[in-house]
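What follows is the residue order along each chain.
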Amino acid sequence: MCSSDLRYKVVKQLGDGTYGEVLKASNRQTGEVVAIKRMKRKYYSWDECMALQEVKSLRKMKHPNIVKLKEVIREQDILYFVFEFLDQNLYEVSKGRQKFFPENTVRNYMFQVLQGLGYMHKHGYFHRDIKPENILVSGDVAKVADFGLAKAVKARPPHTDYVSTRWYRAPEVLLRSPNYNAPIDIWAVGCMMAELVMLRPLFPGASESDELHRITAVLGTPTPETWKDGLRQAASINYRFPKLPPCPLQRLMPHASADALKVMQDMMLWDPSKRPTCGGSIQYPFFRVGLDVPAPSASGEQPAKADISSASLGGSNASHNSSKIDKPSTDLDIPSGPEVPSVRQQAGSGASPGDLHGHKKERARFGEADLPAVSGAKNAGPNSMNIQIG
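Here we summarise the structure given alongside this text. In this text, all values refer to a predicted model and were calculated from it rather than measured experimentally.

1. Observations concerning the packing of helix H6 (residues 183-198) against helix H10 (residues 258-267)
Argument step 1. Following both chains from N to C, one finds H6 and H10 inclined at 145°, their axes separated by 8 Å at the closest point. Our pair here, H6 against H10, has a crossing hand that is left-handed. Between H6, through Ile-186, Trp-187, Val-189, Gly-190, Met-193, Ala-194 and Val-197, and H10, the contact on the second element is made entirely by Ala-260, Val-263, Met-264 and Met-267.

In structure tokens, the structure reads:
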């Protein structure tokens, strides 16, 4: 096989997860750098690939704050997603910082996340795995990525109780409610915004019960007035909330403005029906300060940014005085689903070069319009190989 038949060459591994690994690669013909997600399970038909929620959701979305899926390839029963490449994620941007982000920087990133998520919700899907690692960043541009757990808003419950990384998991999901929906994304955005402000996670629970305990230690014990349905759901699984007074967010983030605290507080309300929508969130005073660009349209090319001109990376010195929250002695007496590791994992090793030797290739490209017909011949021979991955 000659090297010109290999369309993509792997540069290095970017990450490795439960369902797949992400590789940085370059297009041999154009030099374009892309991110390739290689799925770990086998896919034995093209229809099976096209039925994936990740494909179904992304093929319907074209927005400057949602990562672009450029191509889907199935070869030798292995599925590959080819995405546009952004060089960092929000976790990497904040990792190791010794100074707090200026509020304009937090505003800029969160504004874009809410724009992308709002577009997604409007088009009938919610994400279910919002966290800093799934917000890709290039300069001051942010895009929502990783739609592997996306779900249709109108999908019939019950939904799976395993969604999102535990630290960003909404309380209704922790309580195994079968009827959660788009407000769980808003909760996760609130947690993520707090992490950007504090430079540490707000609710770094070691277990589901610890997560609920930490949330209660900040929000206070829910009451029939603040979350009647939640108390009913907790009773149905024999869980009792700890009796704790609320801890004002201002105590945990004394350097944050009142406007920032207000939007985070409302995003993280116990009752999901009382949390603002994405569109409602960006109407808060926090996001209206210094806004110098309009919200992006679906046909726009330039991602929306809030007060980009002043979104520098400087800031005041941060002294991380974390509030200690005691863990409960026992866990929830409910069946536990699969958990993702609470410790963030960073892939450091590159992928070794090598050839994929498949005898069958199917490919679909994503352009300006919806998903077109498959552009690869199903009976293609081995010389039709177009990805080089070690």
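From this point, the discussion proceeds with the structure in view.
2. Here's the deal with the packing of aromatic side chains
Argument step 1. In this structure the tally under the stated criterion is eight aromatic pairs.
Argument step 2. Ring geometry for Phe-111 versus Phe-287: centroids 6.4 Å apart, planes at 45°, classification tilted. Of this pair, Phe-111 sits in helix H4 (residues 103-122) while Phe-287 sits in helix H12 (residues 285-288), and the two are 176 residues apart along the sequence.
Argument step 3. Their ring planes at 15° and their centres at 6.0 Å tell us that Trp-187 and Phe-203 sit as a pair that is stacked. Of this pair, Trp-187 sits in helix H6 while Phe-203 sits in the loop between H6 and helix H7 (208-219), and the two are 16 residues apart along the sequence. In this structure, Trp-187 and Phe-203 share a single accessibility class: buried.
Argument step 4. In this structure an aromatic cluster arises from ring pairing among Trp-227, Tyr-239, Phe-241 and Trp-270.
Argument step 5. Stacked on the ring of Phe-101, the Lys or Arg Arg-97 has its end atom at 4.1 Å from the ring centre.
Argument step 6. Against the face of Phe-286 rests Arg-107, its NZ or CZ located 4.7 Å from the ring centre.

3. Observations concerning unusual backbone geometry
Argument step 1. Even without a glycine there, the phi angle at Leu-199 is positive, about 65°.
Argument step 2. Here Leu-199 is to be found in the loop between H6 and H7.
Argument step 3. Phi at Asn-238 takes a positive value of approximately 60°, unusual for a residue other than glycine.
Argument step 4. Tracing the sequence through the fold places Asn-238 in the loop between helix H8 (224-236) and helix H9 (249-252).

4. Some thoughts on the side chain of Glu-21
Argument step 1. The topology assignment puts Glu-21 in strand E2 (residues 20-27).
Argument step 2. The contacts of Glu-21, once residues within four sequence positions are left out, are Gln-13, Gly-15, Asp-16, Ile-36, Lys-37 and Arg-38.

5. Observations regarding the nonpolar core
Argument step 1. Phe-81, Met-110, Met-253 and Met-264 are the most contacted members of the largest nonpolar core, which has 90 residues in total.
Argument step 2. Element by element, the count of residues in this core is highest for H6, at 12 residues.
Argument step 3. One finds Tyr-8, Ala-25, Ile-78 and Val-82 within the second-largest nonpolar core, a separate group that totals eight residues.

6. A closer look at the packing of H4 against H6
Argument step 1. Packing of H4 against H6 leaves a shortest axis separation of 11 Å and a crossing angle of 165°. One way to sum up the angle between H4 and H6 is to call them roughly antiparallel. Here the hand of the crossing between H4 and H6 comes out right-handed. For the pair H4 and H6, contact is made by Val-106, Tyr-109, Met-110, Val-113, Leu-114, Leu-117 and His-121 and by Asp-185, Ile-186, Val-189, Met-192, Met-193, Leu-196 and Val-197, respectively.

Criteria and thresholds
Residues numbered from 1 in each chain as written. Predicted model: local features only at pLDDT ≥ 70, side-chain atom pairs only at ≥ 80, totals over all residues. Heavy atoms only, no water. Axes fitted to C-alpha atoms, helices over the stretch in contact; angles between N-to-C directions. Helix = DSSP H or I, 4+ residues; strand = E, 2+ residues; numbered from the N terminus. Left-handed = near helix turned anticlockwise from the far one by under 90°. Contact = heavy atoms within 4.5 Å. Phe/Tyr/Trp six-rings, centres within 6.5 Å; stacked < 30°, edge-to-face > 60°. Buried < 20%, exposed > 50% of the residue type's maximum accessible area, 1.4 Å probe, protein only. Lys NZ or Arg CZ within 6 Å of the ring centre and 35° of its normal. Core = buried A, V, L, I, M, F, W, Y, C linked by side-chain atoms within 4.5 Å. Parallel < 35°, antiparallel > 145°, perpendicular 65-115°, else oblique.

That's the geometry; what it means functionally is another story.
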